[in-house]
Amino acid sequence: MPVTMSILITGGAGYIGSHTARLLHEQGREVVILDTLEYGHRTAVGDLPLVVGDVANDALVRDTCARFGVDAVVHFAAYKFVGESMEQPERYWANNVAGSIALLRSLRAAGVERLVFSSSCSVYGTPESVPVREGAAIRPESVYAETKAMVERVLRWETELTDFRGVSLRYFNASGAHPDGAIGEVWDRAQNLIPLVMKAALGRSAPLQVRGDDYPTRDGTGVRDYVHVCDLAAAHAAALDRLAEGELPPAVNIGTGTGYSVLEVLAAAERVAGREIPHEFAPRRPGDIAAVWGDTSLSVKALRWRATRSLDDIVATAWQWHVGHPDGYDG
Ligand code: WQD
């Protein structure tokens, strides 16, 4: 029988997963990572226990739970590219939804009954009002977002009907990197603003395309709630603690409650980089909404968590990571 209980982190070799695994380890908790390394990086895992494989592999999941004495799970493993999800929906249904259901079945068979799920503010689609609260309508506008909403609902029913306890964390815009510069977001497939700003700043791409300057916002560019990846990691640790204490609401926003525009992010990045960042104005990106940021009252009340890092912390840590790792973990 294992001596200590562990936390299984699926997708723990990925961006948010590796930052969460690192924090939980630093807090003295036993962790074990399950990742296919299809997009994850072994380097990001450091010396933490890594099992290479798929969450849908029943025998592997059960064996890992038994070997490491798993008693809780943080489930990050999923495909996350919104555009790709609209071109290859079947891959997203299979990996994100069927994979999560298979994982749940294996965990229940292994007697593991607590799970924190990596969900997304994109389940709201275009919210009717901001800041958006957890009770807002769930109206996904992409296959990716739909997969997150579907798994949320499965978890809600599992929690309702059995002894299983799950909570879905709806991230806003995850960004930044670990302050020691050792782990961060690999930008090779990134479509998100901040890695693309860094690419333009470092001359690794054409000028940044500011997608739309005619939105009904304070400077015409899109407004989002950027939350530091280390704050996200802390939110998962808090969710695990609260789950161990008892019931939690089914879903909680993880954001800062403050929105920044594309031009404000660009200005912050130029301050940190100490240089002008080449950029051009371009048409709106199809499917983008003007402005969204999260209501944080439930995360404070239910998780006893709030974001502590600023936009400058985000761009400064992202800058440090990308300057030090222009080719991600491969260089
Ligand atoms: C941010 C802003 C763009 C690129 C994403 C995911 C979503 C969720 C949250 C995971 C927007 C503008 C962007 C560029 C730009 N993540 N922009 N030029 O679309 O808010 O949501 O993060 O669950 O699933 O899609 O993030 O970083 O792509 O865009 O002007 O080259 O930056 O229009 O206003 P988004 P983003």
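Residues numbered from 1 in each chain as written. Predicted model: local features only at pLDDT ≥ 70, side-chain atom pairs only at ≥ 80, totals over all residues. Heavy atoms only, no water.

Draft legend 1. Expanded view of helix 11 (residues 311-324). For helix 11, spanning 14 residues, the distance from its first C-alpha to its last is 20 Å, which sits close to the expected 20 Å at 1.5 Å a residue. If you check which residues of helix 11 are buried, you get Leu311, Ile314, Val315, Thr317, Ala318, Trp319, Trp321 and His322. On the buried face of helix 11, the contacting elements are strand 7 (173-175), helix 7 (193-201), strand 10 (226-228), strand 12 (260-261) and helix 9 (262-273). You can read the cap of helix 11 off the contacts: a side-chain oxygen lies 3.3 Å from the backbone nitrogen of Asp312, and it is on Ser310. (Helix = DSSP H or I, 4+ residues; strand = E, 2+ residues; numbered from the N terminus. Expected span 1.5 Å × (residues − 1). Buried < 20%, exposed > 50% of the residue type's maximum accessible area, 1.4 Å probe, protein only. Contact = heavy atoms within 4.5 Å. Polar contact = N/O pair within 3.5 Å; in protein donor to acceptor, adjacent residues only side chain to side chain.)

Draft legend 2. Local environment of the packing of helix 5 (residues 89-109) against helix 6 (residues 143-161). Taken N-terminus to C-terminus, the directions of helix 5 and helix 6 make an angle of 20°; their axes are 9 Å apart at the nearest point. Taken together, the axes of helix 5 and helix 6 are roughly parallel relative to one another. Of the two elements, helix 5 crosses helix 6, and the hand of that crossing is right-handed. On helix 6, the residues that touch Pro89, Tyr92, Trp93, Asn96, Val97, Ser100, Ile101, Leu104 and Arg108 of helix 5 are Val143, Tyr144, Glu146, Thr147, Met150, Val151, Val154, Leu155 and Glu158. Looking at the contact of helix 5 with helix 6 residue by residue, the class counts come to 12 nonpolar, 3 polar and 3 charged. (Axes fitted to C-alpha atoms, helices over the stretch in contact; angles between N-to-C directions. Parallel < 35°, antiparallel > 145°, perpendicular 65-115°, else oblique. Left-handed = near helix turned anticlockwise from the far one by under 90°. Nonpolar A, V, L, I, M, F, W, Y, C, P; charged D, E, K, R; others polar.)

Draft legend 3. Here's a closer look at the packing of aromatic side chains. Evaluation of the coordinates by the stated rule reveals 4 aromatic pairs. For the pair Tyr39 and Phe81, a centre-to-centre distance of 6.1 Å together with 75° between the ring planes defines the contact as edge-to-face. Placement of the pair is Tyr39 in the loop between strand 2 (30-35) and helix 2 (42-45) and Phe81 in the loop between strand 4 (70-75) and helix 4 (82-87), with a sequence separation of 42 residues. With a relative accessible area of 16%, Phe81 lands in the buried category. Through a chain of ring-to-ring contacts, the aromatic side chains of Tyr39, Tyr79, Phe81 and Tyr92 assemble into a single cluster. The cationic tip of Arg91 hangs over the ring face of Tyr79; the distance from NZ or CZ to the ring centre is 4.3 Å. (Phe/Tyr/Trp six-rings, centres within 6.5 Å; stacked < 30°, edge-to-face > 60°. Lys NZ or Arg CZ within 6 Å of the ring centre and 35° of its normal.)

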